[in-house]
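Chains, contacts and geometry: an overview
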Amino acid sequence: MDPLIITVAGVGAELTLEQQPNLPLTPADLARDAAECEAAGASVYHLHVRDADGRPTMDIEAFAAGMSAIRDSSDLIVQFTSGGAVTDAEDARIAPLELGPEMASLTTGTVNFGRDVFWNPPPLVERFYARMRELGIVPEFEIFEPGMIETADRIYRDHGGGHHRHYDFVLGVPGAMPAWPDAVQFLRSHLPDDATWSATGVGRAHDAVATTAIELGGHVRTGFEDVRYVGPGELAPSNAALVQRVTTLAGERGRPVATPAQAREILGLDAKAR
Ligand code: ZN
């Protein structure tokens, strides 16, 4: 098995500072968070950014500052969100890609998301994918339900190709695919043979999903975006602590964690392009 790539989704767009006082908001916060997470075993930072008041934003300057902060303090691969908050407009969601991060997330379908709808009709997905490829950005296909795998296959075939395919299963969002015990096994069985994948369970299913992914040769996403509590009423203490939990789970199963350089190799990223 490849060494384990741990992606930290450290900010997200849903959590408030009241819910999570340790949420990284400023570039200085992100720099510190990235360095701590790298030391704990992470190799990818899935980035959302906030404005000065802590509200989620797709402002391109804020993404530029966040990416610079992470790159200055760590060797982590920076992966931009292209989902934003579920209420963000299409043009706002695509704008930060012009900064040319190494990776960006790409959700390949529309799905209910709590009481909201995460809106990703085919023209939007095709537009985002085409722009990512023009800019040399490797997409991470975010899979909230099985149909999104089929759509990712079609888009790869019809609108691009020629890059490594990596998928991330996001399980347990209310309205999307639950973190059923057999969900990870089922989804991975429908991926292309040469693909890699990671998984994250939102909320209390997190550790079970992470363990399954570690044992099946997949990779793991963690962080405040996905995990609020680590026990009854016990807030996740830091993103690095969440990364360390995954590193420990992997170590107990004899699976070393990947360095950022190893992750670039596994994900088919061109280190020279950084
Ligand atoms: Zn995200």
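The rules behind these values
- Residues numbered from 1 in each chain as written.
- Predicted model: local features only at pLDDT ≥ 70, side-chain atom pairs only at ≥ 80, totals over all residues.
- Heavy atoms only, no water.
- Donors = N, O, S within 2.8 Å, 3.2 Å for Na, K, Ca; no water.
- Tetrahedral: all angles 85-135°; square planar, octahedral: opposite > 155°, others 65-115°.
- Helix = DSSP H or I, 4+ residues; strand = E, 2+ residues; numbered from the N terminus.
- Buried < 20%, exposed > 50% of the residue type's maximum accessible area, 1.4 Å probe, protein only.
- Pairing = 2+ DSSP bridges.

1. A word on the coordination of the zinc ion
Protein coordination at the zinc ion comes from His46 (NE2), His48 (NE2), Glu225 (OE) and Glu225 (OE), with a distance range of 2.1 to 2.7 Å. Coordination at the zinc ion is irregular: its 4 donor atoms span angles of 51 to 129 degrees at the metal. Spacing between the donor residues of the zinc ion along their common chain follows H-x1-H-x176-E. Separated by 177 residues along the polypeptide, His48 in the loop between β2 (44-47) and β3 (49-50) and Glu225 in the loop between β12 (219-222) and β13 (229-231) bring together distant segments of the chain. On the accessibility criterion, His48 (5% relative accessible area) is buried.

2. Observations regarding the pairing of β12
Side chains His219 and Arg221 project from β12 onto one buried face, and the interleaved Val220 and Thr222 project onto a second face that is buried too. Taken together, the 3 bridges between strand β1 (residues 6-9) and β12 define a ladder with parallel strand orientation. Bridging across to β12, Val8 finds its partner in Thr222. As paired strands, strand β11 (residues 196-201) and β12 are joined by 2 bridges and run parallel to one another. Counted as the bridge partner of Ala199 is Val220 from β12.

Geometric descriptors of this kind do not, in isolation, establish any biological role.
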